[in-house]
Amino acid sequence: MLQNLQTLLPPSSLERPSLASSILPSAAMMRVNFIPGVRQRLGWRGMRECPKHRTCLTAKIKDMNGVFGFAPTSNPERPEAGLTRFALCYFPSPDEELFNCFPVEACLIALSEDYLEKVRDFRSHPELMALFQVGTIECTFDPAGGVGLSLHAGTRDRVIARDGYSVQAPEGLRQVVELGGLDKDLPAFEIAYKFFEILSASLTFSTGKAPERLKEVALKNTVTSYDAQGNLHKEPCQDSTRTAFHIGWGNSATCTFDDDDKYPPVIRWQAPDPFPVSLKNALWWNPSVPGARHSIDKSTMGITERPKLIVLTGFLGAGKTSFLARFIEYQAARNLFVAVVQNEIGETGLDAKLLDQHYAVKEMDEGCICCTLVGNLGAALQEISSQFQPDFVVVETTGLANPANLLAELYELEEVLELSSITCMVDAMNAGNQLNNYSILKDQIRLADVVLLNKCDLASENDLNDLKAKLSHLNPFAQIKQTKQGDINPLEIYGVNFQGQAKPEAGHQCSCSAHGLDDCKTHQHYGISSQLWRAPPNLSKDVLEKAIGRLPSSVLRVKGIISLDGGRLCVCQYVPGSLTLSDYLGDEDVERFLVFIGENISETTALFENSITTAT
């Protein structure tokens, strides 16, 4: 068991039981969701980390219209094993039957316009946690290699409004709960068990071990009532129980909630006894999901299509990462998995920090994937395809990459990947000057079958028409679509199943490959290089904007994460003529930095730093 856990958890966590118990459930869920056939068979229908609380997840499962929320709440003291408790919430869809089982206050929130936005980061909204929690899940981890999961939920969670409940309607106050009526009557265990079963099956699959013990206990339940003054009262409930359900793997004893050992078990099972009749069809018994003998081999599940490969190109600051983030969000909403091979110019990678976590990133910093990694890219793509079985693989190149340099290698991977598109992003505001000064942009456009003319809202109609004429002249066969902030429906450019796309021609490799230049990996033969600037803890927004405004036109791109007045973390994105500062929603202890890309960049960065220093 311990050996299997070493493939699921970071090695350092196995020596820290409390840490292991806090990350094990989400690690198992994420592992399964990387495997399309398995996640489909077990019942996952989508998963996402909360933007501001990365230890919290939202998830959808089969046959449930709403969204589950899963968040750690505490690490109670447990000397013999790590122990973490998680709140399990269910946020119903207003059109499902369960909706009316929730309290009126919860229903009003669910009908508000920002309901789904709040659900995505529910841990930031305590009122949602209180109103929509359906149970508690507990995970224990024994350093000897044992794991336990428990579910604790009421068969019926009931709340009585002693003085009734009224809401403000257009015609005046309207009573929606009568005096002494039920404001809440929720089959909490039934809802929570559906999630718990799939979570337990995910842990069985991820560890390769079937459970060895199981126990179900029926505990006394209470009913809550409140009056018009907000006073709460709890009383014993005669016709409802709270169920504690425990499963154990390996050497660990099952989890135990307070006092549940005082009650006789409804079910008690231990291997190798026959499975309990009522649970014989539960998903958690079989480590080998039917049709998935090789856990990450799609072919054994009857899934024979190759992952679709998109090569995403475009000059510096054209909007590749913005387009990619929206592409990932679109596919994730359809339960499709996107893997990303991403590289950047500069010592510190930013782009991977700006994307959601529905994909695998293979960061390749300080080099061009099209030049220095010819010969290695194939191995990286083979590894990602084998390990994660994605539906799509996107190779996001640097702004100075010539995709012609990797086409030959990509064609050799035709049995593994289906090269579906070379998509080129073009900055409508700056492309005119870029085409005059940098031939690499012309090469990117010539090789593309889809050209996205981005930032169209920042260019005049005449400039757009002139630019489209230039693009059509460079590549008369490509689709040319206009976008703002990289936002476009993939169906509009790729169609259904990516049908009808032209196979790119071989093109011309960049001159550095032909002449064996050593500076190819950073493209210094264009006179372009990068410089990392470590940002101070807090920057004045006015000072930053003035310093950026003084940058010469030789600076092609600035990007990074900074802390502005008051500690506000921001993503800074700059291309000539446009500065964008947006909230950074990742971890607060992230490094503060800016990467400058352009000509004579060391001198320019020094002048920028001087502007910041003298102004402060």
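Look up: the structure comes first, before these words.
Heads up: these notes are all about the structure in this document.

### Re the overall build of the protein
Moving on, step 1. Secondary structure assignment for the protein yields 17 helices and 25 strands.
Moving on, step 2. Within the span of the protein, comprising 616 residues, buried residues form 55% of the whole.
Moving on, step 3. Sequence-distant contacts in the protein: of pairs separated by 6 or more residues, those separated by 24 or more amount to 70%.
Moving on, step 4. Looking at the protein as shown, the accessible area adds up to about 27300 Å², and 47% of this sits on carbon and sulfur atoms.

### Focus on the nonpolar core
Moving on, step 1. Core analysis: the largest hydrophobic core is formed by 79 residues, its most contacted members being Ile137, Phe195 and Phe245.
Moving on, step 2. Not counting residues within four places of it along the chain, the set of residues in contact with Phe195 comprises Met29, Trp44, Ala59, Ile61, Phe68, Phe70, Leu88 and Ile137.
Moving on, step 3. Counting 43 residues, the second largest nonpolar core, distinct from the first, contains Leu400, Val426, Ile440 and Leu474.

### Let's talk about the pairing of strand S11 (residues 213–226)
Moving on, step 1. The element S11 is extensively covered by neighbouring structure, given that 11 of its 14 residues are classed as buried.
Moving on, step 2. In terms of strand pairing, strand S7 (residues 157–161) meets S11 through three bridges, oriented parallel. Across the sheet, the residue bridging to Val159 is Thr224, located in S11.
Moving on, step 3. Inspection of the sheet shows S11 paired to strand S13 (residues 265–270) by five bridges, in the antiparallel sense. If you follow Lys215 over to S13, its bridge partner there is Arg268.
Moving on, step 4. Relative to strand S12 (residues 232–249), S11 runs antiparallel, the two sharing 14 bridges. Its bridge partner being in S12, Val217 is matched across the sheet by Ala244.

### Points about the environment of Ile612
Moving on, step 1. Mapped onto the elements of the fold, Ile612 is located in helix H17 (residues 601–615).
Moving on, step 2. Judged by its relative accessible area of 5%, Ile612 is buried.
Moving on, step 3. Along the sequence, Ile612 and Val543 sit 69 residues apart, while their C-alpha atoms lie 6.5 Å from each other.
Moving on, step 4. Other than its neighbours up to four places away in sequence, Ile612 contacts Trp533, Leu539, Val543, Leu544 and Ala547.

### A word on the packing of aromatic side chains
Moving on, step 1. Under the defined criterion, the tally for this structure stands at 24 aromatic pairs.
Moving on, step 2. For the pair Phe70 and Phe86, a centre-to-centre distance of 4.5 Å together with 10 degrees between the ring planes defines the contact as stacked. Of this pair, Phe70 sits in strand S3 (residues 67–74) while Phe86 sits in strand S4 (residues 82–91), and the two are 16 residues apart along the sequence.
Moving on, step 3. Their ring planes at 50 degrees and their centres at 5.2 Å tell us that Phe91 and Phe132 sit as a pair that is tilted.

### Section: helix H8 (residues 320–332)
The α-helix advances 3.6 residues per turn, and as a result positions three or four apart in sequence lie on the same side.
Moving on, step 1. Over its 13 residues, H8 runs 18 Å from end to end, which matches the ideal 18 Å to within 8%, given 1.5 Å per residue.
Moving on, step 2. For H8, the full list of buried residues reads Lys320, Thr321, Phe323, Leu324, Phe327, Ile328, Tyr330, Gln331 and Ala332.

### Let's talk about the environment of Leu312
Moving on, step 1. Inspection of the secondary structure puts Leu312 in strand S14 (residues 308–314).
Moving on, step 2. Judged by relative accessible area, Leu312 falls into the buried class, the value being 1%.
Moving on, step 3. Taking the C-alpha atoms as reference, Leu312 lies 8.4 Å from Leu324; in sequence the two are 12 residues apart.
Moving on, step 4. Excluding anything up to four places from it in sequence, Leu312 contacts Lys320, Phe323, Leu324, Val394, Val395, Glu396, Thr397, Thr423 and Met425.

### Let's talk about the pattern of salt bridges
Moving on, step 1. The full count for this structure, using the stated rule, is 14 salt bridges.
Moving on, step 2. Linking Lys455 and Asp427 is a salt bridge whose minimum nitrogen-to-oxygen distance equals 3.4 Å. Of this pair, Lys455 sits in the loop between strand S19 (450–454) and helix H13 (461–474) while Asp427 sits in strand S18 (residues 418–427), placing them 28 residues apart in sequence.
Moving on, step 3. Judged by relative accessible area, Lys455 falls into the buried class, the value being 14%.
Moving on, step 4. Owing to a relative accessible area of 1%, Asp427 belongs among the buried residues under this scheme.
Moving on, step 5. The salt bridge partner of Lys481 is Glu492, with a shortest N-O separation of 3.9 Å. On the criterion of sequence distance, the pair formed by Lys481 in strand S20 (residues 479–482) and Glu492 in helix H14 (residues 490–494) is long-range, its members being 11 residues apart.
Moving on, step 6. Taking the relative accessible area as the measure of exposure, Glu492 reaches 45% and is therefore partly exposed.
Moving on, step 7. Here the residues in one salt-bridge network are Arg156, Arg158, Asp185 and Asp239, joined through shared partners.

### What to know about the packing of helix H16 (residues 541–549) against H17
Moving on, step 1. Contact geometry for H16 and H17: axes closest at 9 Å, N-to-C directions at 145 degrees. Pair H16 / H17 crosses with right-handed handedness. Where H16 approaches H17, its residues Val543, Leu544, Ala547 and Ile548 are matched on the opposing element by Phe608, Ser611, Ile612 and Ala615.
Moving on, step 2. Among the residues making up the contact of H16 with H17, the classes are represented as seven nonpolar, one polar and no charged.

Conventions and cut-offs
Residues numbered from 1 in each chain as written. Predicted model: local features only at pLDDT ≥ 70, side-chain atom pairs only at ≥ 80, totals over all residues. Heavy atoms only, no water. Helix = DSSP H or I, 4+ residues; strand = E, 2+ residues; numbered from the N terminus. Buried < 20%, exposed > 50% of the residue type's maximum accessible area, 1.4 Å probe, protein only. Contact = heavy atoms within 4.5 Å. Areas by Shrake-Rupley, 256 points an atom, 1.4 Å probe, with all protein chains shown as cover. Core = buried A, V, L, I, M, F, W, Y, C linked by side-chain atoms within 4.5 Å. Pairing = 2+ DSSP bridges. Phe/Tyr/Trp six-rings, centres within 6.5 Å; stacked < 30°, edge-to-face > 60°. Expected span 1.5 Å × (residues − 1). Salt bridge = Lys/Arg side-chain N within 4 Å of Asp/Glu carboxyl O. Axes fitted to C-alpha atoms, helices over the stretch in contact; angles between N-to-C directions. Left-handed = near helix turned anticlockwise from the far one by under 90°. Nonpolar A, V, L, I, M, F, W, Y, C, P; charged D, E, K, R; others polar.

By themselves, these figures tell us nothing about what the structure is for.
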